[in-house]
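These are the residues of each chain, in order.
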Amino acid sequence: MQDYIILTDSSCDLPDELAHEMELEVLPLHVDVDNDTYLNYLDGREIAFKDFYARVRGGAKVKTSAVNQAQFLEVYEKLLDTGRDVLYLGFSSGLSGTYSAGAAAAQEIAAKYPDRKIYAVDTLCASMGQGLIVWLAWKQKQAGKSIEEVRDYVEETKLHLCHWFTVDDLMHLKRGGRVSAATAIVGSVLNIKPVMHVDDEGHLINMATARGRKASIRALVDHMEETAIDPANQHVFISHGDCQQDVDYLSQQLRDRLHVKEITSSYVGPVIGAHSGPGTLALFFLGTKR
């Protein structure tokens, strides 16, 4: 069977050491902080995650840009020249143009390598939801599945990859156009926290509200309790915007209420953190539906 490599982009927010263990190829996306451009590597080599959030808290202006087709072509060619086929698992098309560039580049490079396999899948996932679907795909690869089998597994599984999250500061969502100015101001005054998820089209949807931070964190667990498939035997992922104490609280809730044993957590990287802000807390797991 022809060897292949799994390619993803840095919005997967996986811990760098885990990405190395998985032998992933990870394409870094860009973030601008006060007009300085950094590549969002998983190890934070250009901008450390804590430093990024400290600058955002200090009022830095941040924006992001998608990877272009030419950058994907360069990466595909480099990987194909090592003799391996490529399976690209991309950031949700509902949130970014990155996947579209990757898919177009895959189609273009295929003409140059007619005997090779280059597949692109829109995961409809983000942050460590994307990371979790990539990790599950890698587990399939480890089990000896072919590139087509893993591609099909991701397509079949992605709408069972549940994303539930909350944010601590509604003003960041207001700046990104996710909530209105009035909602942000009233919510901030009344200490109301949104409970949101990523829907079947890969879009960010506001689902409910909770009064206070701990209530919003417990609401994430409530949603997992409603839909999770065998939670005690799942490996659950958590990502956060520089709020480790909240990760600890959420993890304890998961262990106490749902008997979850395996939890991996990591930062929400600068690309997604530019829109969600400090204090973002997100929970990812497999469920009967999103």
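What counts and how
- Residues numbered from 1 in each chain as written.
- Predicted model: local features only at pLDDT ≥ 70, side-chain atom pairs only at ≥ 80, totals over all residues.
- Heavy atoms only, no water.
- Helix = DSSP H or I, 4+ residues; strand = E, 2+ residues; numbered from the N terminus.
- Rg over C-alpha atoms; globule rule 2.2 N^0.38 Å.
- Buried < 20%, exposed > 50% of the residue type's maximum accessible area, 1.4 Å probe, protein only.
- Contact = heavy atoms within 4.5 Å.
- Areas by Shrake-Rupley, 256 points an atom, 1.4 Å probe, with all protein chains shown as cover.
- Lys, Arg positive; Asp, Glu negative; His and termini not counted.
- Charge placed at Lys NZ, Arg CZ, Asp CG, Glu CD.
- Core = buried A, V, L, I, M, F, W, Y, C linked by side-chain atoms within 4.5 Å.
- Salt bridge = Lys/Arg side-chain N within 4 Å of Asp/Glu carboxyl O.
- Pairing = 2+ DSSP bridges.
- Axes fitted to C-alpha atoms, helices over the stretch in contact; angles between N-to-C directions.
- Expected span 1.5 Å × (residues − 1).

1. Re the overall build of the protein chain
- Across its full length, the protein chain holds 11 helices and 13 strands.
- Radius of gyration (C-alpha) of the protein chain: 19 Å, near the 19 Å computed for a compact globule of 290 residues.
- Viewed in the frame of its principal axes, the protein chain has a C-alpha envelope of about 60 × 45 × 30 Å.
- Among the 290 residues that make up the protein chain, the fraction classed as buried is 56%.
- Considering only contacts in the protein chain between residues 6 or more positions apart, those separated by 24 or more positions represent 76%.
- Total accessible area on the protein chain is roughly 12500 Å²; 48% of this is exposed by carbon and sulfur atoms.
- Looking at charge distribution, the protein chain has the averaged site of its 29 positive side-chain charges lying 6 Å from that of its 40 negative ones.

2. Focus: the nonpolar core
- Of all hydrophobic cores here, the largest spans 36 residues; its most connected members are F52, F72, Y76 and V86.
- Those elements that provide at least two residues to this core are β1 (4-9), β3 (29-33), α2 (49-57), α3 (69-80), β6 (85-90), α4 (98-112) and α11 (270-276).
- Here the element with the most residues in this core is α3; it accounts for six residues.
- Formed by 33 residues, the second largest nonpolar core is a distinct cluster that contains C12, C125, Y153 and L286.

3. Describing the pattern of salt bridges
- Counted according to the given criterion, the structure contains 13 salt bridges.
- Among the ionic pairs, D152 bridges to R151, the shortest N-O distance being 3.0 Å.
- With relative accessibility at 32%, the residue D152 sits in the partly exposed group.
- For R151, a relative accessible area of 23% puts it in the partly exposed group.

4. Some details on the sheet that holds strand β4 (residues 36-40)
- An order of β4-β3-β5 is seen for the three strands of this open sheet, with the pairing classed as antiparallel. Edge positions in the open sheet fall to β4 and β5 (62-65), since each of these has one partner strand only. Averaged over all adjacent pairs, the angle separating strand axes in this sheet is 30°, with direction ignored.

5. Here we look at helix α10 (residues 244-258)
- Over its 15 residues, α10 runs 20 Å from end to end, which matches the ideal 21 Å to within 8%, given 1.5 Å per residue.
- Buried residues of α10: D246, V247, Y249, L250, S251, Q253, L254 and L258, and no others.
- Structurally, α10 contributes buried residues whose contacts are with α9 (213-227), β11 (235-240), β12 (262-267) and β13 (281-286).
- Where α10 ends, the next residue or the one after it, H259, has phi of about 60°, a positive value.

Shape is all these values report; function is a separate question.
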